[in-house]
Structure formats: structure tokens, C-alpha cells
Amino acid sequence: QAQLVESGGGLVQPGGSLRLSCVGSGFTFNSYAMRWYRQAPGKERELVAGIRNDGGSTNYADSVKGRFTISRDNAKNTVSLQMTNLKPEDTAVYYCNAVGWARNYWGQGTQVTVSS
């Protein structure tokens with residue numbers, strides 16, 4: 001059974017940093033592209049960042065370019081999102097997503113709150 005488990009969320013002040021991690025199990029992690037999405041209250045879920053299955057290509061939402069970095073370690077079945085210079089508008093539940101082989105897996109989400 002495929003599973004994604006996120007960790008690393010929390011409360012941080014504006015300008016601060018957080019690192020989210022997501023560990024995958026029950027599927028061939030290195031065959032899947034990985035993505036981070038977020039959903040703020042009253043808003044639709046939006047794509048934040050993505051990384052190809054081999055880590056060779058990444059993409060970011062315009063709103064996080066230059067502040068967020070996605071990376072993966074296929075040996076540890078882990079994808080991470082390093083977030084810096086956080087802003088109040090980054091407040092959301094962040095979800096890890098695995099896409100490949102006509103399958104789509106989601107984690108349960110981790111809350112990130114940016115507030116003074």
C-alpha cells in the first residue's frame with residue numbers, strides 16, 4: 001500500500017525558514033515525479049514545486065521562486081522542500097504528491113503557519 005508521510009511543518013515568523021520532508025513507501029519511489037502542493041483556507045490547492053523522478057529537473061510556482069528549493073534523495077525515498085524568507089501568504093497545509101505510472105498518491109498534509 002502506497003503511503004506518503006510529511007513532516008516539518010510548524011509556526012514560524014515572517015522571514016524565517018522551514019524544511020518539509022516527505023517519506024514514501026509501498027511504491028517504486030525513484031520512478032515517480034514528486035510534487036509539493038499547498039492549500040490555504042478558502043483557496044484551491046496549488047502546485048508549489050515539482051521534481052523529476054531522477055532529480056534532473058525542477059519547477060516552481062512564480063510565488064515561491066528564489067525562496068523555496070525542492071530536492072529528493074531516492075536512496076532514502078525522501079523529497080524535501082526547503083522554504084526560506086517565508087511570508088504570511090505562505091500559510092497553508094502543504095501536501096506531498098507522487099505522480100507516475102497512471103497513479104497519483106497524496107500525503108496527509110502538514111500545516112505551515114507564518115505569523116508574528
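Calculation rules
Residues numbered from 1 in each chain as written. Predicted model: local features only at pLDDT ≥ 70, side-chain atom pairs only at ≥ 80, totals over all residues. Heavy atoms only, no water. Disulfide = S-S within 2.5 Å. Helix = DSSP H or I, 4+ residues; strand = E, 2+ residues; numbered from the N terminus. Buried < 20%, exposed > 50% of the residue type's maximum accessible area, 1.4 Å probe, protein only. Polar contact = N/O pair within 3.5 Å; in protein donor to acceptor, adjacent residues only side chain to side chain. Contact = heavy atoms within 4.5 Å. Pairing = 2+ DSSP bridges. Core = buried A, V, L, I, M, F, W, Y, C linked by side-chain atoms within 4.5 Å. Salt bridge = Lys/Arg side-chain N within 4 Å of Asp/Glu carboxyl O. Phe/Tyr/Trp six-rings, centres within 6.5 Å; stacked < 30°, edge-to-face > 60°. Lys NZ or Arg CZ within 6 Å of the ring centre and 35° of its normal.

Student: It is not clear to me how the state of the cysteines should be interpreted in this structure. Could you clarify?
Tutor: Where two cysteines share a covalent bond between their sulfur atoms, that bond is called a disulfide. Inspection of every chain in the model, using the stated rule, returns 1 disulfide. Covalent S-S linkage joins Cys 22 and Cys 96, the inter-sulfur distance amounting to 2.1 Å. Its torsion about the S-S bond being -80°, the disulfide of Cys 22 and Cys 96 is classed as left-handed. In this pair, Cys 22 is assigned in strand 3 (residues 18–25) and Cys 96 in strand 9 (residues 92–100), connecting sequence segments 74 residues apart. With respect to burial, Cys 22 and Cys 96 carry one shared label: buried.

Student: Quick question: what am I supposed to make of the side chain of Thr 110 here?
Tutor: Position of Thr 110 among the secondary structure elements: in strand 11 (residues 110–114). Thr 110 gets classed as buried once you look at its relative accessible area, which sits at 11%. Of note is the side chain of Thr 110, whose polar atom sits 3.2 Å from the backbone nitrogen of Gly 9. Once you skip the residues sitting within four places of it in the chain, Thr 110 turns out to touch Glu 6, Ser 7, Gly 8, Gly 9, Leu 20, Ala 92, Val 93 and Tyr 94.

Student: I keep staring at the pairing of strand 1 (residues 3–7) and nothing clicks. Help me out?
Tutor: Both faces of the sheet carry side chains from a regular strand, because those side chains alternate between them. What you see with strand 1 is a clean split: Leu 4 and Glu 6 sit on the buried side and Gln 3, Val 5 and Ser 7 on the side with no burial. One ladder, built from 5 bridges, connects strand 1 with strand 3; its direction is antiparallel. Its bridge partner lying in strand 3, Val 5 is registered against Val 23.

Student: Looking at this structure, how should I read the nonpolar core?
Tutor: The biggest cluster of nonpolar side chains holds 28 residues, and the ones touching the most others in it are Met 34, Trp 36, Val 79, Leu 81, Met 83 and Tyr 94. Where this core is concerned, the elements lending two or more residues are strand 3, strand 4 (33–39), strand 5 (46–51), strand 7 (68–73), strand 8 (78–83), strand 9 and strand 11. At 4 residues, the largest contribution of residues to this core is made by strand 9. If sequence neighbours within four positions are ignored, Met 83 has contacts with Gly 16, Ser 17, Leu 18, Leu 20, Arg 67, Phe 68, Tyr 94 and Val 112.

Student: Could you clarify how one ought to interpret the pattern of salt bridges in this entry?
Tutor: Opposite charge on two side chains lets them pair, provided their charged atoms get close. Per the counting criterion, the structure on display carries 5 salt bridges. The partner of Asp 54 in a salt bridge is Arg 52, and the shortest N-O contact between them spans 2.8 Å. One salt bridge connects Lys 65 with Asp 62, and the closest N-O pair in it is separated by 3.2 Å. When salt bridges that share partners are traced, they join Arg 38, Glu 46, Arg 67 and Asp 90 into one network.

Student: I keep staring at the packing of aromatic side chains and nothing clicks. Help me out?
Tutor: Each aromatic ring pair is specified by the distance between its two centres and by the angle formed by the two planes. Under the definition given, this model contains 5 aromatic pairs. Consider the rings of Tyr 37 and Trp 106, whose centres lie 5.0 Å apart with planes at 55°: the pair is tilted. Here the residue Tyr 37 occupies a position in strand 4, and Trp 106 occupies one in strand 10 (residues 103–106), the gap between them amounting to 69 residues. You can call Tyr 37 buried: its relative accessible area is 15%. Site record: aromatic cluster; members linked through ring pairs are Phe 27, Phe 29, Tyr 32 and Tyr 105. It is Arg 45 that lies over the ring of Trp 106; its NZ or CZ is 4.7 Å from the centre.

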